[in-house]
Amino acid sequence: MNSIIHTENFSKRFGHTDAVDGVDLAVPEGAIYALVGPNGAGKTTLIKMLMNIIRPTAGSAQVLGVDSSKLTGKAFERIGYVSENQELPEGMTVGGMLDYFRGFYPTWDRVLESQLVRQFDLPLARKLKHLSRGMKMKAAFASSLAYRPSLIVLDEPFSGLDPLVRDELIEGLIELAPETTIFISSHDLAEIESFSSHVGYLEEGWLLFSEEMSALSERFREVTVTLANPAPLPTELPASWLQPQTADCVLRFVHSDYDEKATARQVAERFPSARDISYDPMSLRSIFLAIAKAGRNHSSSAQNQTSAKEAVA
Amino acid sequence: MKQILHIFIKDIRRFWPEILISLATLAILMYSAHHWLMPHRLLPDSFGPWNHDWENLENSNRQRTAMLSALVPIAWWLLIARVIHAESPVGDRQFWLTRPYSWKSLLAAKLLFLVAFLYLPLVAAQSALLISVKLNPLASIPGMLFNLAFVTAILVLPVVAIATVTSSLVSMALTILGIALGIGALASAFSDARILTGFLSPNSLSMPVGDHLNFAFLVIAFCGIVIVLQYALRRAWLSRVVLFGTPVALAILSVAVPNLLYAAHLWVRSNGNPDMAAINHTYPPTAAGATAPFQLAYGLDEHHQTQVHRGANIQTGPTVQIDIPLALSGMAEGTAVNYDQILVKFEAADGSRWSATMPNMVYPSLILANSHERSAHFDMPLAEYDKLKSMPSAVTITLLLTELKGTKNTRIPTPIDDAEVPNFGACVPAGASLYCRTAFRPPQFTVTTPEWAEAPCNVRTARFVQRGWLDWVGNFSVEPAEFGIVPAHTSRISMLQYDHYKDQPEDTVWKDRLCSGKSVTLTQYRVVGRTQVSLNLPNFQLPALPEVKK
């Protein structure tokens, strides 16, 4: 499958800080790719580099087959970009903005525009500066979807929005999903889980993993082991065991590379007194909480970053 | 082109209030300027020789116009800031960065906007004003283009460049304020410095042709590079460094370094004495075989004596003001000189020496072909005077001169009405003066010569009533325009000598009259070079100072 976005060793350094560090990423055509990670992980920086808003320090990226550093002008006729940080032409009315943007896009679909205006209940005559944050995001969505872009890039689009607005935006997005590729960064794991096909996890500039959502769900399990006797945690545990903890006769951990037989064997080797093992599927939110907490338990040194990457990859 | 127009039309729709403010400010300025330039239209019945209402009116209109002249750039800057910042090339949050904008189209659209709502209105307003004050704009096209270059270099493009490296009106205003303060600080730092170029160019006569225009083009090119750089690369810090760092570096290289070098040169080579090499470079002595502009002789006779008076100078303390009469002869018709500076050397029999160069303080500084007498006026420190007064000295007096040649003569018959004066501008009698308007610059240096009538004539029909003295207006620059938004300048040519004698009735003191049917001749001069003329007085004795009355 063709990659709509493809990066190699994509990096950005601000002073002594690596905001994005050697990211290798591939977003297949037609995917809804969710880029997740804690605050300050480098998601926005990565997206801004992809959109040629800021320049990478090292590495390269191809977006829709174009080198991201040459992504200007006409190339944006096929890209829709919405960001929580983006400034809109505040002095314009919603209708004025849509009229204005229409002139830039040969593929602008006026029927879709009207549909989006109705769907989002946009007040065409009102100036953008007089709109609420949610309404502004809806206006930004409408102006970025109406020309049926081949790639939609969304940077934290749902941040700070009420659930109703979020649902409306996701609905609008899902309707276009079959004919486009969506790259979205968000904290809203629950919403993303419902419609994302791929997911990548970025932490302190490192892309810890990037894979299909179904594969991710398959390989993460919350493992509960009932022991015959209380036992201390061994010092050496597999890297794929995240957040291991014991309480009385119960051992719990998150397995980031779950395979029923192999996991049972690993447990039996380290806890011979294990009597019962249960494997519970995890929500995306639980998976990322586990990864994030595991990451915080490490220091931020490059060596431990590598360990964390190995643990979840 | 489609995208350029698309952005342009959007900006018109969005910024029409700012456009209106800018146009209204410009219109008000031109309206005020019209009244300043044509005060006689407001006071048609009281424009006589002794009525000074027009003068007060002209002054108040001039001041109001000057204030409004400051408002127009502010309105322009507001317009520039709003239109550039609508799609600011600074920052990473602007909506246009991820839309199908071509930076070239964006920049072209912004420039088109400025042409449409800043330059075209300016040209239209300037043309309308010139027509309204009886000056022909078509005859002033070079001046208009020159003026536009100055306006672009001083008021527009630097502000556009600043707008492209700032992201808001506030940051832009603070930047302009900072630059103004910086320029003020630099000017203050160098105000006492002896600037090399300042010495070599002792007054405004000497600005070489094209210097201002070259400077304007340099600024335009430099700002243009910064603007294109910022739009193409969107690297605000790089553009800021180029925009603000380059002028500072150039100022240091072109002002500070030459000043320091020149100060060092004076200290090492001249030890406080006049720098003869620099003087001879700027005012070359008459070459062997060539004719000096005039011959100089000691003008001592029964009416003209060397005079000395006590004086004081803030920097050097007590001084003696010395006037040595000079006699001039042999000056060719149609020529003139401007007496710029004087260089004086004293060498006494006992070896005492004193020399100095100083600006001419004798008025008028202009010496015409029919002039025969002049004085060498200079200040000598009292201590030097005390050393030199007791014995004869060998004195050399050197006048440093700008040579002039008469070019155009224009005769205006009287009575003069408000009308265009060919090769000059438009003039109207105003009291005892000619009140003249010229397009885009003060007139070329022009000397007036009234044709006096010996017999009295009817004062009511002749606007000019009395004997004048030598008067001139204008400057020697040959550039077709000076910087300014108002495209006209005014100048007054006096036709009257205000000599009043207490023991005589006023009417009898004026011997000559400018009557109806006579004329006034305007003669324009241009600079042809610089030179120096010297006089040696081998056995000169300084007179004693008058006793101080107690």
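Predicted, not measured: the structure shown is a model, and the values here were computed from it.

Parameters and conventions
- Residues numbered from 1 in each chain as written.
- Chains lettered and ligands numbered in written order.
- Predicted model: local features only at pLDDT ≥ 70, side-chain atom pairs only at ≥ 80, totals over all residues.
- Helix = DSSP H or I, 4+ residues; strand = E, 2+ residues; numbered from the N terminus.
- Buried ≥ 20, exposed ≤ 12 C-beta atoms within 10 Å, placed from the backbone.
- Contact = placed C-beta atoms within 7 Å.
- Pairing = 2+ DSSP bridges.
- Right-handed = clockwise from strand over helix to strand, strands pointing away.
- pLDDT = per-residue confidence, 0-100.
- Nonpolar A, V, L, I, M, F, W, Y, C, P; charged D, E, K, R; others polar.
- Axes fitted to C-alpha atoms, helices over the stretch in contact; angles between N-to-C directions.
- Parallel < 35°, antiparallel > 145°, perpendicular 65-115°, else oblique.
- Left-handed = near helix turned anticlockwise from the far one by under 90°.
- Domains from an automatic or database assignment.
- Bend = angle between axes of the 7 residues up to and from the residue.
- Expected span 1.5 Å × (residues − 1).
- Arc of directions from axis to C-beta.
- Core = buried A, V, L, I, M, F, W, Y, C linked by C-beta atoms within 7 Å.

Some words on the overall build of chain B
The secondary structure content of chain B amounts to 12 helices and 15 strands. Evaluated residue by residue, chain B yields a buried proportion of 33% over its 550 residues. In chain B, 81% of the contacts between residues at least 6 apart in sequence involve partners at least 24 apart.

Observations concerning the overall build of chain A
Each helix and strand counted, chain A has 10 helices and 14 strands in total. Projected onto its principal axes, the C-alpha coordinates of chain A cover approximately 70 × 40 × 35 Å. For chain A, the residues scored as buried account for 42% of the 313 residues in total.

Some points on the pairing of strand E7 (residues 151-155) of chain A
Residue and element names in this part refer to chain A. The element E7 is largely enclosed, with a buried count of 5 among its 5 residues. The two faces of E7 match: Leu-151, Val-153 and Asp-155 on one face and Ile-152 and Leu-154 on the other face are all buried. As defined by bridge partners, strand E6 (residues 79-83) adjoins E7 across 5 bridges and the pair is classed as parallel. Residue pairing in the sheet places Val-82 in a bridge with Leu-154 of E7. Strand direction decides the pairing type here: E7 and strand E8 (residues 181-185), joined by 5 bridges, are parallel. Looking at E8, one finds that Leu-151 is bridged to Thr-181. Note that the unit made of E7, helix H5 (residues 163-176) and E8 has a crossover that is right-handed.

Some details on the confidence of the model for chain B
When pLDDT is averaged along chain B, the result is 80, and 81% of the positions lie at 70 or above. For the stretch residues 193-209 of chain B, pLDDT sits under 50, and the model shows 27 contacts to residues farther than four places along the chain or on other chains.

Topic: the interface of chain B and chain A
Taken together, the 14 residues of chain B in the interface contact 22 residues of chain A. Here the side of chain B that touches chain A is built from residues that sort into 5 nonpolar, 4 polar and 5 charged.

Comments concerning the sheet that holds strand E10 (residues 206-212) of chain A
All names here are of chain A. Read across the sheet, 6 strands follow the order E6-E7-E8-E3-E9-E10 without closing on themselves; strand pairing throughout is mixed. Taken across any chain shown, the strands that pair with only one partner, and hence form the sheet edges, are E6 and E10. Direction aside, neighbouring strands of the sheet carry axes that sit 10° apart on average. Packed on one face of the sheet, helix H1 (residues 43-50) meets strand E3 (32-36), E7, E8 and strand E9 (198-203) and runs near 145° to E7. Seen against the sheet, helix H4 (residues 133-145) touches E6 and E7 and runs at an angle of roughly 170° to E6.

Notes on the packing of helix H3 (residues 110-120) of chain A against H4(A)
Residues and elements named next belong to chain A. Between H3 and H4, the least distance of the axes is 9 Å, while the angle of their chain directions is 160°. Relative to H4, H3 is oriented roughly antiparallel. Judged by the twist between their axes, the crossing of H3 over H4 is right-handed. Residues Glu-113, Leu-116, Val-117 and Phe-120 of H3 pack against Lys-138, Phe-141, Ala-142 and Leu-145 of H4.

Notes on the domain arrangement of chain A
Along its sequence, chain A is organised into domain 1 (3-215) and domain 2 (220-312). Using only C-alpha atoms to locate each centre, domain 1 of chain A and domain 2 of chain A end up separated by 34 Å.

Points about the sheet that holds strand E13 (residues 250-255) of chain A
Residue and element names in this part refer to chain A. The strand order E12-E13-E11-E14 describes an open sheet built from 4 strands, whose pairing is antiparallel. Strands with a single pairing partner mark the edges of an open sheet, and in this sheet they are strand E12 (241-247) and strand E14 (274-281). For this sheet, the mean inter-axis angle between neighbouring strands, taken without regard to orientation, is 15°. Pairing between strand E11 (residues 221-227) and E13: 6 bridges, direction antiparallel. Paired with Val-225 across the two strands is Leu-251, which belongs to E13. Along the sheet face, helix H8 (residues 260-270) touches E11, E13 and E14 and points at about 140° away from the line of E14.

Here's the deal with helix H6 (residues 141-164) of chain B
The largest bend in H6(B) comes to about 45°, at B:Thr152. Counted residue by residue, H6(B) has 17 buried out of 24 residues, so it is predominantly covered.

Comments concerning the environment of A:Gly91
Its place among the elements puts A:Gly91 in the loop between E6 and helix H2 (94-102). With 35 residues separating them in the primary sequence, A:Gly91 and A:Arg126 have C-alpha atoms 9.8 Å apart. For A:Gly91, the residues in contact, after removing those within four places along its chain, are A:Lys127, A:Lys129 and B:Arg14.

Focus: H5(A)
All names here are of chain A. With 14 residues, H5 ought to run about 20 Å at 1.5 Å a step, and its terminal C-alpha atoms sit 20 Å apart, in line with that. Within the span of H5, buried status applies to Arg-166, Leu-169 and Leu-173. The buried side chains of H5 occupy one side of the element, clustering within an arc of 70° when seen end-on. Residues of H5 that are exposed and point over 90 degrees away from its buried face: Leu-164 and Glu-171.

Focus on the confidence of the model for chain A
Mean pLDDT for chain A: 86, with 94% of residues reaching 70 or above. In the model, residues 299-304 of chain A has pLDDT below 50 throughout and makes 4 contacts with residues more than four positions away in sequence or in other chains.

Regarding the pairing of E6(A)
Judged by how many residues are buried, E6(A) sits mostly within the fold: 5 of 5 residues are covered. Judged by which residues are buried, E6(A) turns out to be covered on both faces: A:Ile79, A:Tyr81 and A:Ser83 on one side and A:Gly80 and A:Val82 on the other are all buried.

Regarding the nonpolar core
B:Leu79, B:Ile80, B:Val160 and B:Ala161 are the most contacted members of the largest nonpolar core, which totals 107 residues. When residues in this core are grouped by element, the largest group, 12 residues, is from H6(B). The contacts of B:Ala161, once residues within four sequence positions are left out, are B:Cys223, B:Val226, B:Ile227 and B:Leu243. Core analysis: the next-biggest nonpolar cluster, separate from the first, contains 81 residues, A:Val36, A:Leu46, A:Leu50 and A:Leu151 among them.

What to know about the packing of H4(A) against H5(A)
All names here are of chain A. In the contact formed by H4 and H5, the axes pass within 10 Å of each other and the chain directions differ by 5°. One element, H4, and the other, H5, form an angle in the roughly parallel class. Contacts between H4 and H5 pair Gly-134, Met-137, Lys-138, Phe-141 and Leu-145 from the former with Val-165, Glu-168, Leu-169, Gly-172 and Leu-176 from the latter.

Looking at the environment of A:Val223
Residues and elements named next belong to chain A. By secondary structure assignment, the location of Val-223 is in strand E11. Overall, Val-223 belongs to the buried group, with 20 C-beta atoms counted inside 10 Å. The spacing of Val-223 and Glu-204 is 19 residues in sequence and 27 Å in space, taken between C-alpha atoms. What Val-223 contacts, discounting residues up to four positions off in sequence, is Arg-252, Phe-253, His-255, Thr-263, Ile-277 and Tyr-279.

Quick word on unusual backbone geometry
Residues and elements named next belong to chain A. A positive phi angle is found at Asn-52, which is not glycine, with a value near 60°. Note that Asn-52 resides in the loop between H1 and strand E4 (58-63). Since 22 C-beta atoms lie within 10 Å of it, Asn-52 is described here as buried. Phi at Glu-156 takes a positive value of approximately 50°, unusual for a residue other than glycine. Along the polypeptide, Glu-156 turns up in the loop between E7 and H5.

A short note on the environment of A:Tyr258
Residue and element names in this part refer to chain A. Its place among the elements puts Tyr-258 in the loop between E13 and H8. Here the alpha-carbon distance between Tyr-258 and Ser-273, two residues 15 residues apart in the chain, equals 21 Å. Sequence-distant contacts of Tyr-258, that is, excluding residues within four places in its chain, are made with Arg-219, Phe-220, Arg-221, Thr-263 and Tyr-279.

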